[in-house]
Amino acid sequence: MNHSIPNLSSSSSSSSLWFNSTCTIFSFIFFTFTFSFSLFSLSIFILRLKLWCKCSTCQSFLTSSWSKDFNNLCDWYTHLLSKSPTGTIHIHILGNIITADPKNVEHILKTKFENYPKGKPFSILLGDLLGKGIFNVDGDSWKCQRKMASLELGSVSIRMHAFNIVKSEIQTRLIPLLNSVSGQVLDLQDVFRRFSFDNICKFSFGFDPCCLELSLPMPSSEFAEAFDLASKLSAQRGLSPSSLIWKVKRVLNLGSEKELKSAIKIVDQFAQRMINQRRELGFSDKSDLLSRFMATMIDDDKYLRDIVVSFLLAGRDTVASGLTSFFWLLSQNPKVEFTIRDELEKVTAGFSPSNDQDFVMFDQMREMHYLHAALCESLRLFPPVQFDSKFAQHDDVLPDFTFVRKGTRVTYHPYAMGRMERVWGSDCLEFKPERWLKNGIYVPENPYKYPVFQAGLRVCLGKEMALVEMKCVVLAIIKRFNIQVADPNQAPKFAPGLTATVRGGLPVLVQRREA
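All residue numbers refer to positions counted from 1 along the written sequence of the respective chain. With the structure being a predicted model, the display of local features is reserved for residues of pLDDT at least 70 and the display and counting of side-chain atom pairs for 80 or more, all residues being used for whole-chain, interface and lining totals. Note that water and hydrogens are dropped before the side-chain values are worked out from all heavy atoms of the structure.

S.K.: Before we go on, may I ask you to explain the packing of aromatic side chains in this structure?
M.R.: The geometry of two aromatic rings is summed up by the distance between their centres and the angle between their planes. Stacked, edge-to-face and tilted labels apply to pairs of Phe, Tyr and Trp rings (six-membered ring for Trp) whose centres lie within 6.5 Å, assigned for plane angles under 30 degrees, over 60, and everything in between, in that order. The tally for this structure, following the rule as stated, stands at 22 aromatic pairs. Aromatic side chains Phe326 and Phe327 sit 5.8 Å apart centroid to centroid with 85 degrees between the ring planes, which places their arrangement in the edge-to-face category. Assigned by exposure class, Phe326 and Phe327 land together as buried. Taking the centre distance of 4.8 Å and the plane angle of 70 degrees together, the rings of Trp436 and Tyr450 count as edge-to-face. Of the two residues, Trp436 sits in the loop between α18 (421-424) and β8 (437-438) while Tyr450 sits in the loop between β9 (441-442) and α19 (463-480), which places them 14 residues apart along the sequence. Here Trp436 and Tyr450 have matching classes, each one buried. Of the aromatic side chains, those joined through ring pairs into one cluster are Phe197, Phe205, Phe207, Phe223, Phe227 and Phe270. Both a distance and an angle decide whether a charge sits over a ring: NZ of Lys or CZ of Arg must be within 6 Å of the ring centre and within 35 degrees of the ring normal. Just above the ring of Trp424 sits the side chain of Arg380; from NZ or CZ to the centre is 5.1 Å. If you follow Lys449 out to its NZ or CZ, it ends over the ring of Trp424, 4.3 Å from the centre. Only protein chains enter the accessibility calculation, which uses a 1.4 Å probe. A residue is then buried if its area is under 20% of the maximum for its type, exposed if over 50%, and partly exposed in between. Secondary structure elements are taken from DSSP: a helix is a run of H or I of four residues or more, a strand is a run of E of two residues or more, and numbering for both begins at the N terminus.

S.K.: What is the right way to read the pairing of strand β1 (residues 88-91) from this model?
M.R.: Sheet faces and side chains relate simply in a regular strand, where the side chains alternate between the two faces. Strand pairing is defined by DSSP finding a minimum of two bridges between the two strands. Where β1 and strand β2 (residues 96-99) come together, four bridges link them in antiparallel fashion. Bridge assignment links Ile89 to a residue of β2, and that residue is Ile98. Connecting the antiparallel pair β1 and β2 is a turn made up of four residues, with Gly95 showing a positive phi of about 60 degrees.

S.K.: Just to check I follow, could you spell out the UniProt feature "binding site: heme" (unreviewed entry) in the chain for this structure?
M.R.: Mapped onto this structure's residue numbering, the UniProt feature "binding site: heme" (unreviewed entry) falls at Cys460. Structurally, the position occupied by Cys460 is in the loop between β9 and α19. Residue classification places Cys460 among the partly exposed residues on the basis of a relative accessible area of 35%. UniProt positions are given in the numbering used here, feature names are shortened, and annotations may be inferred rather than shown by experiment.

S.K.: So what exactly am I meant to see when it comes to the confidence of the model for the chain here?
M.R.: Low pLDDT means the predicted coordinates in that region are not meant to be read closely. The predictor rates its confidence in each residue with pLDDT, a number between 0 and 100. With 86% of its residues at a pLDDT of at least 70, the chain reaches an overall mean of 86. Scored below 50 in pLDDT, residues 1-11 shows zero contacts in the model against residues more than four places distant or in partner chains. Contacts were defined at the residue level, with two residues in contact if any of their heavy atoms lie within 4.5 Å. For residues 44-50, every residue scores under 50 in pLDDT, and the model assigns this stretch six contacts once sequence neighbours within four places are set aside.

Dropping the structure here:
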């Protein structure tokens, strides 16, 4: 009897374990099935609500049939906007009103500014990468960051600091690199992206990633690659017909969302390392942006990370994109390049192409009106940020009488605006710096007609610094080198991203100019 009791107890215990295990497995299977079925049902519900619009525009978007006639989505939008009597269209399946009307742009960015914030949908879309940085927030948080950034970026000392960083990068890396490949072909877009990444990291963190080195193929930075990938995948979320698609992938950690999570982890680790380093070494006597923000008594690491990553995005990709487009346009317009060189020689008498240490000073660049006009004209045709969206907080009516329902995404499209005859005239597709000049003097345009740097209360604070950086690069290159684009007649095809990046890069032949 004594021996049978333990056996019965053991048998009972085993049965209980088996039963519990079976219940656990069954519960897991049931929960998984229920969750999957619920997601599927919700997907069908949303698809029936939004994606089954039968209009030709929505069908063309869903099937990508527009790609038969246009290289880029932005070109298709331009076509639709140019055909619209009001210069405004509605992509129903995206819940997106898109406009190329300057009066509408002024209404959105100035007159009814409070009604058109970035909005929660946009903040969620880019939240994993930008967090609560200045480009991804509204209200008091935006006002606070805007005020701090305005004080820092508006100071003479910080602008001279930025100028000196650019000057050093050009003299010690960009010119030596181009000298070393004279007579060879290289991807100029890749060079500009590395160049601008070095600059913005030095400016933002006081850290040199050494992306632009005197070697081909050039070494790559893990942080730069992760940052690029995170930007690309974050932008691709916005192309999805329904946010549910990428949100489900994020919850399940699948596909592009898994890649995005890994890339952002590298960005976060790098930013934290920079913050920790600044605290250890001290920041009171440093000029980089991170040190300046830390000196204002900001000690929230996540907040610091979000601020600086936002400036990295703005300062790196926009400059590289603008320079790539500019040199592509120069390849098609040699007269413009000749005129810039002529202006350069007049302003900097005594400069020689053979002297790599000659550098145009800040005050001298201010005298170069034609160069400034040429850059503005290039940005008109190829803005680095091709479109920008807001979300209406309340029902509204645009100046062209388009009704905007609360919660609707409203997009103004600088790329399309630069190609509208009703905005820029019959020669809108021509690259004509002269349209910006009056008696040889640069005359700015209405910012709502030319919202390349946004306009109104959210106008770009780094506009002048970006233009100075671009001028420095343009002058350094065209003074010393002839740049021949491999296929100047091939129109740019843009890769998905937050800024305009040419798919396949910009292959060019670099040749040293003779003295």
